[in-house]
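# Analysis of the macromolecular model
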Amino acid sequence: MTRILGIETSCDETAVAVVRDGQEIESNVIASQTDLHARYGGVMPEQASRAHLRAILPTLDEALAQAHADWDTIDAIAVTHGPGLAGALLVGVNVAKGLAFARRKPLLGINHLEGHVYANWLRAPDARPDEPAFPMVGLIVSGGHTDLVAATGHGQYRRLGRTRDDAAGEAFDKVARMLGLGFPGGPAIEREAVAGDPKRFKFPRAWLEADSWDVSFSGLKTAVLHQVRDLGVDTDHASAQERRAHLPVADLAASFQAAVVDVLATRAVGAARTFGATQLALGGGVAANRTLLRTVEERAQLPVLCPPPALCTDNAAMIAAAAFFRFRTGERADLTLDVDPGLPIA
Ligand code: KG4
Ligand code: ZN
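First, a word on scope: everything that follows refers to the structure included in this document. Please read all numbers here as calculations on a predicted model, not as lab measurements. (Residues numbered from 1 in each chain as written. Chains lettered and ligands numbered in written order. Predicted model: local features only at pLDDT ≥ 70, side-chain atom pairs only at ≥ 80, totals over all residues. Heavy atoms only, no water.)

## Regarding the coordination of the zinc ion (ligand 2)
The protein atoms that coordinate the zinc ion (ligand 2) are His-112 (NE2), His-116 (NE2) and Asp-314 (OD), at distances of 2.0 to 2.1 Å. Along the chain, the residues donating to the zinc ion (ligand 2) fall in the pattern H-x3-H-x197-D. With His-112 and His-116 both in helix H4 (residues 112-118) and four residues apart, this pair spans about one turn of that helix. Take His-112: its relative accessible area is 5%, and that puts it in the buried class. Taking relative accessible area as the criterion, His-116 reaches 1% and is therefore assigned buried. (Donors = N, O, S within 2.8 Å, 3.2 Å for Na, K, Ca; no water. Helix = DSSP H or I, 4+ residues; strand = E, 2+ residues; numbered from the N terminus. Buried < 20%, exposed > 50% of the residue type's maximum accessible area, 1.4 Å probe, protein only.)

Written out as C-alpha cells, the structure reads:
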C-alpha cells in the first residue's frame, strides 16, 4: 500500500488530499477562493497567493485528519509545480519542500494537466469501474488550457493540438460576463442553457486547417459579443442586471455552449479514431459540463472516461493519483524543485 499526500495551489483552489495506490481517495480537502475572485469577475493573482498562504496549513491538517493519517504512514509528497500562476504555485511548492525536508519524505513535482487526466483513475473505496487503458486520447479543458493529447503509457504523452487563443473555460467565463452571469462562468452557462434553444443563434465553429487538431474560440466569443450588441445591449457599460433583463440569456447560453461542445467533441472523437485509442479521457473544469460528456459519448464508438464534476475541477487527489505512477518508477524531485508557470503537458 502506498499513501501519497498531494498538494495543489496552481490557481484559485488551495487543495490537499491523501490517496492510496493512486486510486482510492482517503481525503480530498479544497479551500475555494471563488467568493474572493467573484467580486472582480476573475482570478486576481496577487490575492490568490495571499489566500493560499492563509489556507494551506489548515487545509493540510484537515486532509491528514480526514484520512486518519499520521506522518509515519505517508510514503511521499506530491505537489503541482506547473503550469499555473507563479505566486500561487510557489506556496504549494515551498510548503511541499518544507514538509519533505522536515519529515524526510520523497518529493515529486507534478504537472497540473497530467493531474487532470489522472482524475480518471480515482474512485470511491470499493468501486470497481473499468481501469483506464492505453493507448488513450485525452482532452484537457480547463480555465487556462485546452490540450488534446495522445498517451501511449504512464507519462508518455504527445500533444496533438491545443487552443490557438482562449482556453475553453476562459471562453465560458468571458461569455458569461457578457450575459451578466456570475463567476465562474462555466457552471452558470450550463445552468442557463438547460432551458435554452441551442439552435436559435448560429454561432461559428472554427475548424482551422484540415490537418490540424488545434481549436480556436476567439471568433466564437466575438460573434457572441456582436449578437449581444445587436440585441441592444451597450456591451461597455450595461450592468449585469440590465444584461440579464434585456437578453434571451438561456438561448444565448445554449447556442454558445453548443458551438464549444461541437468543436471539442469533433476534435476529441476524430483524434481518438485517428490514433487508434482504446479509450477517450476527459479532464479539467470544462469536463464537468454534462452536455460535453453526453455529446462525446454519443459520437465516440469507444469507452469515454470522465471524472465526476467535483474531480474535474481543481483538486489535489488528482495530483496524488498522477504521482503514484511516477513514484512507482522511482521518480523523485529534490529540494531544488522550482515552479514552472508555463510547463506544457508534452
Ligand atoms: O480545471 P479548473 O478547475 O481550473 C483550471 O485549471 O483552470 O477549470 C476551471 C474552468 C473555469 O473556466 C470554469 O468556468 C470552467 O472550468 N467550468 C465549466 C464548468 N465547470 C467549470 N465550464 C463549463 N461547464 C461547467 N459545468
Ligand atoms: Zn485545472
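## Describing the sheet that holds strand S2 (residues 13-20)
Strand order across the open sheet formed by five strands is S3-S2-S1-S4-S5, with mixed pairing between neighbours. Only two strands of the sheet have a single neighbouring strand rather than two, namely strand S3 (24-32) and strand S5 (107-111). Across the sheet, the axes of successive neighbouring strands diverge by a mean angle of 20 degrees, strand direction being ignored. Sheet strands touched by helix H3 (residues 86-103): strand S1 (3-8), strand S4 (76-82) and S5. Its angle to S4, the strand with the most contacts, is close to 155 degrees. (Pairing = 2+ DSSP bridges. Axes fitted to C-alpha atoms, helices over the stretch in contact; angles between N-to-C directions. Contact = heavy atoms within 4.5 Å.)

## Structural notes on the nonpolar core
In this structure, Leu-179, Phe-217 and Phe-256 are the most contacted members of the largest nonpolar core, which totals 55 residues. The set of elements that each furnish at least two residues to this core consists of strand S6 (136-141), strand S7 (146-153), helix H5 (168-178), helix H6 (185-193), helix H7 (218-230), helix H9 (249-274), strand S9 (279-283) and helix H10 (290-299). For this core, the element with the highest residue contribution is H9, accounting for 15 residues. (Core = buried A, V, L, I, M, F, W, Y, C linked by side-chain atoms within 4.5 Å.)

## Overview of the site of ligand 1
Around ligand 1 sit 20 residues in total, of which Gly-143, Asp-173, Gly-186, Glu-190 and Gly-285 are the nearest. Within the contact set of ligand 1, an oxygen atom lies 3.1 Å away from a side-chain nitrogen or oxygen of His-112. In this structure, Asp-173 approaches ligand 1 through a side-chain N or O atom, which is 2.7 Å from an oxygen atom. When each cavity is represented as a set of grid points, ligand 1 is found to reside in the largest pocket. Elements that contribute at least two residues to the shell around ligand 1 include exactly H4, H5 and H6. It is H6 that contributes the most residues to the shell around ligand 1, four residues altogether. In the shell around ligand 1, the residues fall into five nonpolar, 12 polar and three charged. When residues of the shell around ligand 1 are sorted by domain, at least three fall in each of domain 1 (3-122 + 310-327) and domain 2 (136-306). (Near = heavy atom within 4 Å. Polar contact = N/O pair within 3.5 Å; in protein donor to acceptor, adjacent residues only side chain to side chain. 1 Å grid on protein atoms, 1.4 Å probe; cavity = no way out; pocket = protein on both sides within 12 Å on 5 of 7 lines; lining within 4 Å. Sits in = over half its atoms within 2 Å of the grid points. Nonpolar A, V, L, I, M, F, W, Y, C, P; charged D, E, K, R; others polar. Domains from an automatic or database assignment.)

## Some remarks on the side chain of Asp-314
Assignment of secondary structure puts Asp-314 in the loop between helix H11 (309-312) and helix H12 (317-328). This buried residue, Asp-314, is left without a salt bridge; Arg-290 holds the nearest opposite charge, at 14 Å. At 3.1 Å, the side chain of Asp-314 and the side chain of His-112 are in polar contact. A polar side-chain atom of Asp-314 sits 3.1 Å from a polar atom in the side chain of His-116. Excluding its chain neighbours within four sequence positions, the residues that come into contact with Asp-314 are Glu-8, Ser-10, Cys-11, Glu-13, Ile-30, His-112 and His-116. (Lys, Arg positive; Asp, Glu negative; His and termini not counted. Salt bridge = Lys/Arg side-chain N within 4 Å of Asp/Glu carboxyl O.)

## A word on the pairing of S1
Counting buried residues in S1 gives six out of six residues, a clear majority hidden from the surface. In S1, alternate side chains face the same way, and those of Arg-3, Leu-5 and Ile-7 on one face and Ile-4, Gly-6 and Glu-8 on the other are all buried. Here S1 pairs with S2 via six bridges, running antiparallel. Residue pairing for S2: Glu-8 is matched across the bridge by Ala-15. In textbook terms, the turn of a hairpin is the stretch between consecutive antiparallel strands, and for S1 and S2 this stretch comprises four residues. As paired elements, S1 and S4 share four bridges and run parallel to each other. Following the sheet pairing, Ile-7 is matched in S4 by Val-79.

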